[in-house]
Amino acid sequence: MTKFFRLRLIFAMFWLFVSHSSKAQTKEFYLTLENHVFTPSELKVPADKKVKLIIFNKDMVAEEFDSFDLNREKVLFPKRKSTIFIGPLKPGNYEYFGEYHPNSARGVIVVEVKDAN
């Protein structure tokens, strides 16, 4: 084995370890879209952490998740789960809505600082 090959192998192993560790620490939060309504309509997530938002569209039609506050948009296909990564975010309220049913498909993500106690 050449020195260059060993160095590349060590780097690859380190990268796999780091990437696996960071994925394991990403918390998952869930939303459901049913009858053009997001549930829960208020979702609390921790501040300064990247989170994985999993949305299950139980409706028979597609919807588009939109949020100007989060700078995200994603088509939610019928009867399927979709994933959106958000954060790290500062404490506050971040609104979102369904583009095709904006009057009923609405919600807010509340980013909170968790108490250390």
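Higher on the page you've got the structure.
All values reported here derive from a predicted model rather than from experimental measurement. Per chain, the residues get numbers from 1 upward, laid out in the order the sequence is written. Given that the model is predicted, a residue must reach a pLDDT of at least 70 before its local features are reported, and side-chain atom pairs must reach 80 or more before they are shown or counted; all residues, however, enter totals for whole chains, interfaces and linings. Computation of side-chain values: all heavy atoms of the structure, hydrogens and water removed.

1. A short note on the packing of aromatic side chains
For Phe, Tyr and Trp, rings pair up if their centres lie within 6.5 Å, where Trp contributes its six-membered ring, and each pair is then called stacked (planes under 30 degrees apart), edge-to-face (over 60) or tilted (otherwise). In this structure the tally under the stated criterion is 4 aromatic pairs. Pairing Phe-38 with Phe-65 gives two aromatic rings, centres 6.2 Å apart and planes at 85°, and the pair type is edge-to-face. Taken together, the residues Phe-38 in strand E2 (residues 37-39) and Phe-65 in strand E5 (residues 63-67) connect sequence positions 27 residues apart. Taken individually, Phe-38 and Phe-65 each receive the classification buried, so the pair is uniform in this respect. Judged by centre distance (5.7 Å) and plane angle (45°), the ring pair of Phe-68 and Phe-97 falls under tilted. Of this pair, Phe-68 sits in the loop between E5 and strand E6 (72-76) while Phe-97 sits in strand E8 (residues 92-98), and the two are 29 residues apart along the sequence. Partly exposed residues are those whose accessible area sits between 20% and 50% of the maximum for their type, while under 20% is buried and over 50% is exposed, using a 1.4 Å probe and protein chains only. Residue classification places Phe-97 among the buried positions, given a relative accessible area of 15%. Through a chain of ring-to-ring contacts, three or more aromatic side chains come together here, namely Phe-38, Phe-65 and Tyr-96. To sit over a ring, a charge needs its Lys NZ or Arg CZ within 6 Å of the ring centre and within 35 degrees of the ring normal. Over the face of the ring belonging to Phe-85 we find Lys-50, whose NZ or CZ atom lies 5.0 Å from the ring centre. Numbering of helices and strands starts at the N terminus; helices are DSSP runs of H or I of at least 4 residues and strands are runs of E of at least 2.

2. Focus on the pattern of salt bridges
What makes a salt bridge here is a side-chain nitrogen of Lys or Arg within 4 Å of a carboxyl oxygen of Asp or Glu, nothing more. Tallied over the full model, the rule gives 3 salt bridges. Linking Glu-112 and Lys-44 is a salt bridge whose minimum nitrogen-to-oxygen distance equals 3.8 Å. Of this pair, Glu-112 sits in strand E9 (residues 106-112) while Lys-44 sits in strand E3 (residues 42-46); the two residues are 68 residues apart in sequence, bridging distant segments of the chain. Residue Glu-112 is classed as partly exposed on the basis of its relative accessible area, which comes to 28%.

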